[in-house]
Every structure is written in C-alpha cells, then in structure tokens.
Amino acid sequence: MTHLAHLARFDLTGRTALVTGAGRGLGFEIARALAEAGAHVWLNGRDAGRLEGRVEVLAGEGLSAAAAPFDVTDHAAAARWFEMAHSAPDILVNNATLRDRRPTPELSPEDVDRLVAVNATAAYALTRLAVPGMIRSGGGVVLNIASIAGPLAGGGDPGYTLAKGALTALTRSHAVEFAAQGIRVNAIAPGFFATEANEAWVGNATVGDYLATRSPMRRWGRSEEIAAAAVFLCAPGASYVTGHVLTVDGGMSVKM
Ligand SMILES: NC(=O)c1ccc[n+]([C@@H]2O[C@H](COP(=O)([O-])OP(=O)(O)OC[C@H]3O[C@@H](n4cnc5c(N)ncnc54)[C@H](OP(=O)(O)O)[C@@H]3O)[C@@H](O)[C@H]2O)c1
C-alpha cells in the first residue's frame with residue numbers, strides 16, 4: 001500500500017453524517033471537517049435559523065450540508081427526523097451539550113437529570129435510532145464528544161462530570177455491543193477549548209493562570225484543533241479502533 005492509499009482511507013466521499021449541536025463551536029468544526037473529507041453533513045441544533053446560516057457557510061466553501069433542526073432530548077422529534085431522512089446517517093456525532101457549573105448544594109437532582117438528558121441519554125437514544133440503518137448498510141460509526149471532565153474532576157462541577165462520565169461509559173458499552181455488526185463507537189475527550197460557550201472564561205486571568213501552570217501547552221485549544229481527531233475516528237482508516245477515548249487536551253490530563 002502506498003502512502004496515498006493510506007490517505008484514501010480518510011476519504012469520506014459518499015458517506016453521510018449527522019452532527020448534533022453543530023450550529024457553533026466544536027460541533028460546527030467537526031461537521032466542517034467531515035464535509036471537507038467528502039461526507040454530506042446534517043447540522044443539528046434547536047435554532048433552525050442559525051443552522052441554515054451555517055449550511056450557507058459550508059455551501060460557500062463548496063461542501064455538502066443540510067440543516068436537521070430538532071431538540072435531541074425530544075425523542076419523538078428525533079424519531080421523526082430519522083424517518084424523514086430515509087437513509088440513516090453512516091456517521092453519528094453526539095456533540096450537543098448542556099453546561100451547568102453549580103456545586104452540589106445548589107444543583108438539584110432535577111438539574112442533574114437535565115444535564116444527563118442532553119449529554120448522555122440523547123446519545124443513547126440517537127444511537128438506538130441510527131443503528132438499524134447502519135446495520136442495513138453494512139456498518140457505521142458513532143462518535144461521542146465527551147470531556148476530560150469524564151475521568152477528571154475539577155470540584156464543584158458534579159452534574160457535568162456525572163453526565164460526561166456516563167457518556168464515556170456508554171461509549172465502551174455500545175462499542176462492545178455493536179462491534180460484530182460493523183459499527184465502531186468511539187469518543188473524543190476535549191480539554192479547554194476557546195469556543196463561544198467559554199467566551200467569558202477565555203480572557204479570565206484566573207483561568208489563564210490555571211492553564212499556564214496546569215496545561216503543558218499553556219494555552220486554550222482552538223476549535224479547528226478537534227477536526228482531524230474526528231475525521232480519524234470516523235474514517236475507514238480507523239477500522240480497528242473502537243471503544244477508544246481520544247483525549248485532545250494539550251497534554252493536560254497526563255501532567256502531574
Ligand atoms: N469547549 C470546551 O472547552 C469543551 C471541553 C470539554 C468538552 N467539550 C464538549 O465538546 C462539545 C462541544 O462543546 P462546545 O464548547 O462547542 O459547546 P457549545 O458551544 O455550548 O455548543 C453546544 C451546542 O449544542 C446545541 N444544543 C444544546 N442543547 C441542545 C439540544 N437539546 N438539542 C440539540 N442541540 C442542542 C447548541 O445549539 P442550540 O442551543 O442552538 O440548540 C450548541 O450548538 C460538547 O459536548 C462539550 O461538552 C467542550
């Protein structure tokens with residue numbers, strides 16, 4: 001096999017991908033990267049107008065994209081979308097998130113349920129909807145966007161840590177359950193990324209000091225730095241990789 005043949009195994013031409021929470025941030029960059037690799041991408045989120053704007057941006061770059069507006073916690077709406085899409089996506093990226101940084105005394109069990117619903121149960125439900133179509137077409141890929149907050153705890157952030165820990169565990173469980181049917185299930189655990197969601201923190205001196213001492217690279221991740229990791233895990237080039245959590249955190253989680 002020449003090196004060019006290896007590169008061809010990262011070509012996604014002819015594949016389709018549904019990326020949840022793709023109207024901004026890491027979800028948008030992942031969708032863009034999958035489209036640049038040749039896939040047709042459906043951008044999911046709750047704001048149809050924002051998604052149409054993002055579809056136009058990708059179309060302007062010569063990429064193939066369409067909007068898929070629905071709330072990932074509305075399981076009936078998700079089921080209707082899968083019925084309407086006719087062919088299930090070959091690639092499902094569970095990226096949508098809800099964030100709530102309150103500590104335990106302030107975070108009710110109902111608040112935790114809401115965090116789990118968006119970050120973990122929705123991934124379970126969408127995977128369940130996608131799997132039959134993937135099996136019919138001979139296989140597929142699920143990519144869950146977890147967090148270094150799955151294995152690591154910052155303290156005072158129990159709900160998100162619980163939800164991302166659940167998503168990481170689900171990644172292992174689904175990887176084992178569906179491997180024999182040609183479906184690979186992996187996760188990416190991002191570290192600190194300077195997305196719109198973190199805008200207020202990016203210029204914050206305390207967070208800056210924390211990163212400077214805690215992170216070997218001493219800086220925030222840029223959204224586009226998630227892209228190649230997603231393409232790798234979604235492409236045939238990763239055909240023997242399943243149940244893996246690929247950490248993209250500038251080395252933060254391996255530093256003593
Ligand atoms: N940024 C970081 O530093 C970081 C670190 C670790 C892990 N992560 C993970 O990486 C992923 C992307 O992070 P991000 O910073 O790009 O997040 P973000 O900017 O907050 O984007 C989240 C997206 O999810 C969508 N969304 C929220 N609730 C939804 C629902 N019920 N149904 C459908 N879509 C929904 C939002 O769109 P609408 O509001 O328009 O629906 C939004 O586009 C997340 O899973 C996050 O937990 C991020």
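What you see is a predicted model, and the numbers here were worked out from it, not measured in a lab.

Trainee: Got a minute to help me understand helix α3 (residues 48-60) in this structure?
Mentor: Structurally, the α-helix is built with 3.6 residues per turn, so residues lying three or four positions apart point the same way. Its 13 residues place the ends of α3 18 Å apart at the C-alpha level, agreeing with the 18 Å of an ideal helix rising 1.5 Å per residue. If you check which residues of α3 are buried, you get Leu-51, Val-55 and Leu-58. In an axial view of α3, the angular spread of the buried residues amounts to 65 degrees, which keeps them on one side of the axis. Along α3, exposed side chains directed more than 90 degrees from the buried face belong to Gly-49, Glu-56 and Gly-60. Those residues of α3 hidden inside the fold are in contact with α2 (25-36), β2 (40-45) and β3 (65-69).

Trainee: Please clarify how the sheet that holds strand β6 (residues 183-190) should be interpreted in this entry.
Mentor: Pairing between the strands of a sheet comes from backbone hydrogen bonds, and it takes one of two forms, parallel or antiparallel. Here seven strands make up an open sheet; going across it, the order is β3-β2-β1-β4-β5-β6-β7 and the pairing parallel. Whereas interior strands pair on both sides, the edge strands pair on one side only; in this sheet they are β3 and β7 (245-248). Going from strand to strand, the sheet's axes swing by 20 degrees on average, the running direction of each strand aside. By the bridge criterion, three bridges tie strand β1 (residues 16-19) to strand β4 (residues 91-94) in an arrangement that is parallel. Of the residues in β4, the one forming a bridge with Ala-17 is Ile-91. On top of the sheet, helix α6 (residues 158-178) reaches β5 (140-145), β6 and β7; it is set at about 160 degrees to β6, its chief contact. The strands touched by helix α9 (residues 227-234) are β4, β5, β6 and β7; relative to β6, the strand with the most contacts, the crossing angle is about 165 degrees.

Trainee: Help me understand the site of the ligand, please; the structure alone is not making it clear to me.
Mentor: Taken together, 28 residues sit near the ligand, with Arg-24, Asn-95, Tyr-160, Phe-193 and Thr-195 positioned nearest. With respect to the ligand, the backbone of Leu-26 contributes an N or O atom lying 2.8 Å from an oxygen atom. Measuring from a nitrogen atom of the ligand, one finds a side-chain N or O atom of Asp-71 at 2.8 Å. For the ligand, the protein covers 90% of the area, taking 890 Å² as the surface of the free molecule.

Trainee: Explain α2 to me, please; I cannot follow it from the model alone.
Mentor: With 12 residues, α2 should reach 16 Å at 1.5 Å per residue; the first-to-last C-alpha distance of 17 Å fits that figure. Of all 12 residues in α2, 11 are buried; the element is thus mostly enclosed. Buried residues of α2: Gly-25, Leu-26, Gly-27, Phe-28, Glu-29, Ile-30, Ala-31, Arg-32, Ala-33, Leu-34 and Ala-35, and no others. Just past α2, the residue Gly-38 takes up positive phi, approximately 120 degrees.

Reading the values: rules and limits
- Residues numbered from 1 in each chain as written.
- Predicted model: local features only at pLDDT ≥ 70, side-chain atom pairs only at ≥ 80, totals over all residues.
- Heavy atoms only, no water.
- Helix = DSSP H or I, 4+ residues; strand = E, 2+ residues; numbered from the N terminus.
- Expected span 1.5 Å × (residues − 1).
- Buried < 20%, exposed > 50% of the residue type's maximum accessible area, 1.4 Å probe, protein only.
- Arc of directions from axis to C-beta.
- Contact = heavy atoms within 4.5 Å.
- Pairing = 2+ DSSP bridges.
- Axes fitted to C-alpha atoms, helices over the stretch in contact; angles between N-to-C directions.
- Near = heavy atom within 4 Å.
- Polar contact = N/O pair within 3.5 Å; in protein donor to acceptor, adjacent residues only side chain to side chain.
- Areas by Shrake-Rupley, 256 points an atom, 1.4 Å probe, with all protein chains shown as cover.

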